[in-house]
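The primary structure of each chain is shown beneath.
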Amino acid sequence: MLLLVPALPALAEPTAEVLHWWTSGGEARALKVIADRFTESGGRWIDSPIAGGGGDAARTVAKTRMIGGKPPTIMQWHLGLSLRQLAESGLLGEVDAVARDGKWDEVLPPLLVANAKIGGHYVTIPVDIHGENWLWTNSKVLAAAGVAVPRSWAEFNAAAETLRAAGYIPLALGGQGWQQVIVFSAVALGTGGPDFFRRAFVDLDAKALAGPEMVAVFAELRLIKGMIDPGASNRDWNEATNLVIQGKAAMQLMGDWAKGEFVASGLVPERDFGCDPSPGAGDAPRAAYVVAADSLAVPKLADPAQREGQILMARTAMDPAVQRDFSLAKGSIPARNDVPQDAFDVCAQKAMAIVRESKDLLPAIGSSMGIGAAEAGAITDAVSLFFARDMTPEDGAKALAAAVAGSR
Ligand code: BGC
């Protein structure tokens with residue numbers, strides 16, 4: 001007998017076009033952890049990398065696409081105000097059902113919940129926590145020059161002189177604004193202290209931005225300009241890290257995604273390279289820490305296959321083992337607070353202890369966790385200008401305060 005069965009609607013294959021700026025060696029290894037698990041779980045992964053550390057280029061493309069009605073399925077985004085603005089403009093969807101099942105309110109630190117759950121909805125999938133104020137050092141180079149890891153800016157300046165005299169580039173830097181801001185903010189934290197950092201880069205207090213403490217920050221920045229090599233302009237951050245890996249440069253001030261490059265090259269922390277909080281920030285576990293958190297945001301969209309893709313991505317990227325393996329390759333620590341620590345190396349253990357115990361977790365300027373993208377852009381422009389021109393520290397602070405005032 002012939003049975004007539006009505007055709008079932010085909011189940012949508014979970015599909016995700018993933019827009020991101022994780023293109024360096026370590027970053028690509030980390031992203032592959034998520035992509036492999038997503039694919040093994042039946043998802044179709046479409047990779048959309050937009051190169052450019054810090055993510056300015058990627059965010060511009062993503063915004064244009066969202067406004068034009070053609071958003072990617074998933075987009076790398078920092079937790080912070082700029083994400084909030086997207087949510088409030090109605091551009092983001094949600095992954096609430098997965099968050100409820102997975103008890104995200106409990107397994108994520110309160111700071112991440114507060115930034116990922118907007119208006120009661122999880123608009124993004126938190127994946128990691130990075131610290132920006134790390135000092136990376138090549139241990140062999142420091143030993144050869146007879147220099148200890150500097151713990152204050154005075155020691156840093158003295159170390160740089162000795163290293164230069166021994167034939168090394170003291171500080172590896174790329175001449176891109178976001179990298180210069182990372183150095184600038186580490187100097188501000190280490191010379192002015194955490195309260196000054198908050199007044200300047202969270203409250204945007206005009207007196208802090210133009211006052212004597214900021215002049216001192218620019219004075220140190222002027223010395224730093226003398227520690228970098230002429231090849232710095234336009235150099236990517238990972239190329240700068242590579243100079244330290246190869247022993248051509250001694251030190252780099254950069255977020256802990258740099259560790260992903262050291263580890264990908266087979267180097268071992270505290271044998272081949274040092275990872276220490278930037279000078280003047282204090283030591284783990286109580287160091288002051290400039291934090292940025294990466295997440296995978298879910299734009300609002302209607303296509304069923306992509307909606308399934310967002311849901312599968314939420315399950316995949318929040319899986320504890322995926323978060324562990326991702327951070328091992330990336331240099332971050334997991335967003336979840338219940339991932340066992342034993343697999344992690346000494347740098348990540350320091351980061352975990354700091355996040356647990358420091359009183360001074362501060363929002364990274366570029367990530368817009370504390371201030372908006374416009375203000376962060378103004379700070380970046382002022383810092384770049386100082387690096388590009390021959391300006392006095394007084395003029396640097398004046399230009400900074402004026403740029404911030406003009407952006408508000
Ligand atoms: C992101 C990191 C990334 C770094 C360099 C930062 O903005 O938070 O995940 O590794 O940029 O690309």
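Quantities reported herein were computed from a predicted structural model and do not represent experimental measurements.

Caption draft 1: The arrangement of the state of the cysteines in detail. Tallying each qualifying case throughout the model produces 1 disulfide. One disulfide in the model links C275 with C347; its S-S distance is 2.2 Å. Between C275 and C347 the disulfide shows an S-S torsion of about -95 degrees. By sign, it is left-handed. One end of the pair, C275, is in strand 10 (residues 273-277); the other, C347, is in helix 17 (residues 346-357), and 72 residues separate them in sequence.

Caption draft 2: Broad picture of the pairing of strand 3 (residues 74-78). With respect to burial, strand 3 is a largely interior element, 5 of its 5 residues being buried. Alternating residues of strand 3 divide into I74, Q76 and H78 and M75 and W77, and every residue in both groups is buried. With 2 bridges connecting them, strand 1 (residues 15-20) and strand 3 associate as parallel partners. Within strand 3, the position partnered with L19 by the bridge is M75. Relative to strand 11 (residues 289-297), strand 3 runs antiparallel, the two being bridged by 4 bridges. Within the sheet, the bridge partner assigned to M75 lies in strand 11 and is A297.

Caption draft 3: Up close: the environment of T380. Tracing the chain through its elements places T380 in helix 18 (residues 373-388). Spatially, the C-alpha atom of T380 lies 31 Å from that of G167, the residues being 213 residues apart in sequence. Those residues within four positions of T380 in sequence are excluded, and the remaining contacts are G177, W178 and V181. Polar contacts involving the side chain of T380 include one to the main-chain carbonyl oxygen of A376, which spans 2.7 Å.

Caption draft 4: Representation of unusual backbone geometry in the model. Of note, the amide linkage connecting A284 to P285 takes the cis form, showing an omega dihedral of 5 degrees. Tracing the backbone shows P285 in the loop between strand 10 and strand 11. Residues other than glycine seldom take positive phi values, yet N234 does so here, at roughly 70 degrees. Within the secondary structure layout, N234 lies in the loop between helix 12 (212-225) and helix 13 (237-245). Judged by its relative accessible area of 65%, N234 is exposed. At S368, a position not held by glycine, the phi torsion is positive, near 60 degrees. Of note, S368 is situated in the loop between strand 13 (361-363) and helix 18.

Caption draft 5: Quick look at the packing of helix 9 (residues 177-192) against helix 18. Between helix 9 and helix 18, the least distance of the axes is 9 Å, while the angle of their chain directions is 90 degrees. Relative to helix 18, helix 9 is oriented roughly perpendicular. From helix 9, G177, W178, Q180, V181 and F184 reach across to helix 18, where they touch I379, T380, V383, S384 and F387. Of the residues assigned to the contact of helix 9 with helix 18, the class counts are 6 nonpolar, 4 polar and no charged.

Caption draft 6: Focus on the pattern of salt bridges. The tally for this structure, following the rule as stated, stands at 21 salt bridges. A salt bridge links R44 to E13, with the nearest nitrogen and oxygen atoms 3.7 Å apart. With a gap of 31 residues between them, R44 in strand 2 (residues 44-49) and E13 in the segment before strand 1 connect regions that are remote in the sequence. On the accessibility criterion, R44 (42% relative accessible area) is partly exposed.

Rules of the game
Residues numbered from 1 in each chain as written. Predicted model: local features only at pLDDT ≥ 70, side-chain atom pairs only at ≥ 80, totals over all residues. Heavy atoms only, no water. Disulfide = S-S within 2.5 Å. Helix = DSSP H or I, 4+ residues; strand = E, 2+ residues; numbered from the N terminus. Buried < 20%, exposed > 50% of the residue type's maximum accessible area, 1.4 Å probe, protein only. Pairing = 2+ DSSP bridges. Contact = heavy atoms within 4.5 Å. Polar contact = N/O pair within 3.5 Å; in protein donor to acceptor, adjacent residues only side chain to side chain. Axes fitted to C-alpha atoms, helices over the stretch in contact; angles between N-to-C directions. Parallel < 35°, antiparallel > 145°, perpendicular 65-115°, else oblique. Nonpolar A, V, L, I, M, F, W, Y, C, P; charged D, E, K, R; others polar. Salt bridge = Lys/Arg side-chain N within 4 Å of Asp/Glu carboxyl O.

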